Amino acid sequence: MRLHVADGGPLGAEQYAGVLALLGGLTPGVQALPPEAALADVRGALRYFGCDAVQLASVLRVRALALYGVDCTVGVAGNPMLARAAAREARPGGTLVVPDEPAAVREFLSGKPVGALDGVGPKAARTLCSYGLDSVGKVAAAPPAALRRILGARLGREVHERALGVDRTPVQPGAAARSIAAERPFDRDELDPVQHRRALLSLTEELGARLRTQGQGEGEGQVCRALSLTVRCADRTTLTRTRTLPEPTAHTAALTATAYALYAGLGLQRARVRALSLRAEDLTAAERAARQLSFDPEDEKARRLEAVTDRVRARFGPQAIARGTLAA
C-alpha cells in the first residue's frame, strides 16, 4: 500500500502514523515501510469481517481520507513482492488485485522488464539482457541451471523464483525499518532543473549524514544498498525510480551521483515539480559492509572531510556547516 496526501502535499509523520494505526485496527500483521508505504497480512481480517480485499481496502481508504486527508493506493496479491508491484501499477487512490493463481501471476509479470524484479540491479539486468533475457517472462521460462550459471547459484535461484511470482519474505509486524527517507517540498511548483538538482543535493547531504551517524548500535553507522527517488508533480502524479548502488555506501558523493542519474532518467525537461524525496533502502551496519578500496586521493579527501563535518554538526547542530551551493 502506498500513501499520498489527497491535496498533493507532502505526507507528514503524524498522518503516516495515523494510517498505520488504522491498518492495525484491521489486522495485527502490519509492517511499516516508511516514509509512505506499508505491508499488511489481511488473510485473518478477511475471514473475520467476511469481506474481500477490495472491500476492506475501500473501508481503509474512506477512513484515511476522512481522518487524515490521506489517499491510499492498494495492491493486493499473495505475497509481499507481488503486492508491492501491484501497488506501483494501481491508479492513484485505486486498488489493483493480482489473483493468487499461477496463470494470473504469469500474465501480470511476463511483460515487465527484468529490472523490475526485486533483487535485480542494473548490473544483473545488463547481464541477463546480454543473454536475451530482457523480460520477466523470458527469465521465468529459462532453465534454472542456466540462470545459476549466469548470475551465480544464490542470485540465479532467487531471480528464477521471483520471475515465477514466488516471494518467501513474510510480513514482519514491528520489524525495524530498513530504510530512511527525506523530502523537499517546493514553495511553488518548480520548473527549474537547477532547483531540482539543488534539492537533490540537499537530500543526499541529509541522508548521508544520517546514515553515517545513526546506526543500530552505539557509535555504529549504516550504509544503504539502494536509493529510491520519488517526484511529486503539480498534476498530482507521482514518479518513482529505484537504483541499486554499485556497493553499499553512506558516502554523500556516491548518493548524489546516483540521485542525479535517477533524476536524469526521468526526463523531466519541463515538469512542474511539487516535491522531491529520496529514500535510502536496504540498510545494514557499516562495519559489516565491504568497501572497494580507492586509490583516488580526492575520494579519500572527501571521506575525511565528511567525517570532520559530521563531528562539527553533532556538536554545533545540523546547520553549522553547509555547502556553498546550499547556503541560504
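A few points on the structure.

Definitions and cut-offs
Residues numbered from 1 in each chain as written. Predicted model: local features only at pLDDT ≥ 70, side-chain atom pairs only at ≥ 80, totals over all residues. Heavy atoms only, no water. Core = buried A, V, L, I, M, F, W, Y, C linked by side-chain atoms within 4.5 Å. Buried < 20%, exposed > 50% of the residue type's maximum accessible area, 1.4 Å probe, protein only. Helix = DSSP H or I, 4+ residues; strand = E, 2+ residues; numbered from the N terminus. Contact = heavy atoms within 4.5 Å. Pairing = 2+ DSSP bridges. Axes fitted to C-alpha atoms, helices over the stretch in contact; angles between N-to-C directions. Salt bridge = Lys/Arg side-chain N within 4 Å of Asp/Glu carboxyl O. Phe/Tyr/Trp six-rings, centres within 6.5 Å; stacked < 30°, edge-to-face > 60°. Lys NZ or Arg CZ within 6 Å of the ring centre and 35° of its normal. Arc of directions from axis to C-beta. Parallel < 35°, antiparallel > 145°, perpendicular 65-115°, else oblique. Left-handed = near helix turned anticlockwise from the far one by under 90°.

### Observations concerning the nonpolar core
Consideration 1: Leu200, Leu211, Leu229, Val231, Leu276 and Leu278 are the most contacted members of the largest nonpolar core, which has 30 residues in total.
Consideration 2: Breaking this core down by element, the ones donating at least two residues are strand S6 (179–190), helix H10 (193–213), strand S7 (222–233), helix H11 (252–266) and strand S9 (273–285).
Consideration 3: Ignoring anything within four residues of it in the chain, the contact list for Leu211 reads Ile180, Gly221, Gln222, Cys224, Thr249, Ala250, Leu255, Ala280 and Leu283.
Consideration 4: In terms of nonpolar packing, the next biggest core, distinct from the first, is built from 23 residues, Leu82, Ala125, Leu147 and Leu155 among them.

### Description of the sheet that holds S9
Consideration 1: Pairing within the open sheet is antiparallel, and its four strands lie in the order S6-S9-S7-S8. Of all the strands in the sheet, just S6 and strand S8 (238–249) have a single pairing partner and so form its edges. Going across the sheet, the axis of each strand differs from the next one's by a mean of 15°, ignoring polarity.
Consideration 2: When S6 meets S9, the two strands line up antiparallel, connected through eight bridges. Following the sheet pairing, Ala182 is matched in S9 by Leu278.

### Overview of the pairing of strand S3 (residues 37–40)
Each regular strand displays side chains that alternate between the two surfaces of the sheet.
Consideration 1: Two strands pair when backbone bridges link them, and strand S2 (residues 30–33) and S3 are joined in this way by four bridges, in the antiparallel orientation. By the bridge assignment, Leu33 is partnered in S3 with Ala37.
Consideration 2: Connecting the antiparallel pair S2 and S3 is a turn made up of three residues.

### Topic: the pattern of salt bridges
Consideration 1: On inspection of all chains with the given rule, the structure shows 14 salt bridges.
Consideration 2: Arg43 serves as the salt-bridge partner of Asp41, at 2.7 Å between the closest nitrogen and oxygen.
Consideration 3: Take Asp41: its relative accessible area is 26%, and that puts it in the partly exposed class.
Consideration 4: Judged by relative accessible area, which is 57%, Arg43 ranks as exposed.
Consideration 5: Salt-bridge contacts for Glu281 lead to Arg279; the nearest nitrogen and oxygen are separated by 2.6 Å. We note that Glu281, like Arg279, is buried.
Consideration 6: In this structure, a network of salt bridges that share partners links the residues Glu36, Glu183 and Arg232.

### Looking at the packing of aromatic side chains
Consideration 1: In total, this model carries one aromatic pair according to the counting rule given.
Consideration 2: Look at Tyr48 and Phe49: their rings are 5.0 Å apart centre to centre, the planes differ by 90°, and that puts the pair in the edge-to-face class.
Consideration 3: Note that Lys112 overlies the ring of Phe108, its terminal NZ or CZ placed 3.7 Å from the centroid.
Consideration 4: We note Arg197 situated over the ring of Tyr260; from NZ or CZ to the ring centre the distance is 3.8 Å.

### Here we look at the pairing of strand S4 (residues 70–76)
Consideration 1: Burial analysis of S4 places seven of its seven residues in the buried class, the great majority of the element.
Consideration 2: Neither face of S4 is exposed, since Val70, Cys72, Val74 and Val76 on one face and Asp71, Thr73 and Gly75 on the opposite face are all buried.
Consideration 3: Alignment of strand S1 (residues 2–5) against S4, held across four bridges, turns out to be antiparallel. For Arg2, the partnering residue across the bridge sits in S4 and is Thr73.
Consideration 4: Sheet topology note: the S4/strand S5 (residues 95–97) ladder contains three bridges and is parallel. Looking across to S5, one finds that Val74 is bridged to Thr95.

### Quick look at helix H9 (residues 153–163)
Consideration 1: Among the residues making up H9, those that are buried are Leu155, Gly156, Val159, His160, Arg162 and Ala163. The buried residues of H9 occupy an angular sector of 165° when the element is viewed end-on, so they sit on one face. The exposed set on the far side of H9, more than 90 degrees from its buried face, consists of Ala153 and Arg154.
Consideration 2: Buried residues along H9 sit against helix H4 (80–89), helix H5 (102–110), helix H6 (122–130), helix H7 (136–141) and helix H8 (144–151).
Consideration 3: Backbone geometry just after H9 places Gly165 at a positive phi near 85°.

### Regarding the packing of H8 against H9
Consideration 1: Where H8 meets H9, the axes come as close as 7 Å, and the angle between the chain directions of the two elements is 135°. As judged from the angle between their axes, H8 and H9 are oblique. Like other packed secondary-structure pairs, H8 and H9 cross with a definite hand, here right-handed. Note on element contacts: H9 touches H8 through Ala153, Leu155, Gly156, Arg157, Val159 and His160, opposite Pro144, Leu147, Arg148 and Leu151.

### Concerning the environment of Gly115
Consideration 1: Position of Gly115 relative to the elements: it lies in the loop between H5 and H6.
Consideration 2: Residues Gly115 and Arg243, 128 residues apart in the sequence, show an inter-C-alpha distance of 9.6 Å.
Consideration 3: Excluding residues that lie within four positions of it along the chain, Gly115 makes contacts with Val120 and Ala125.

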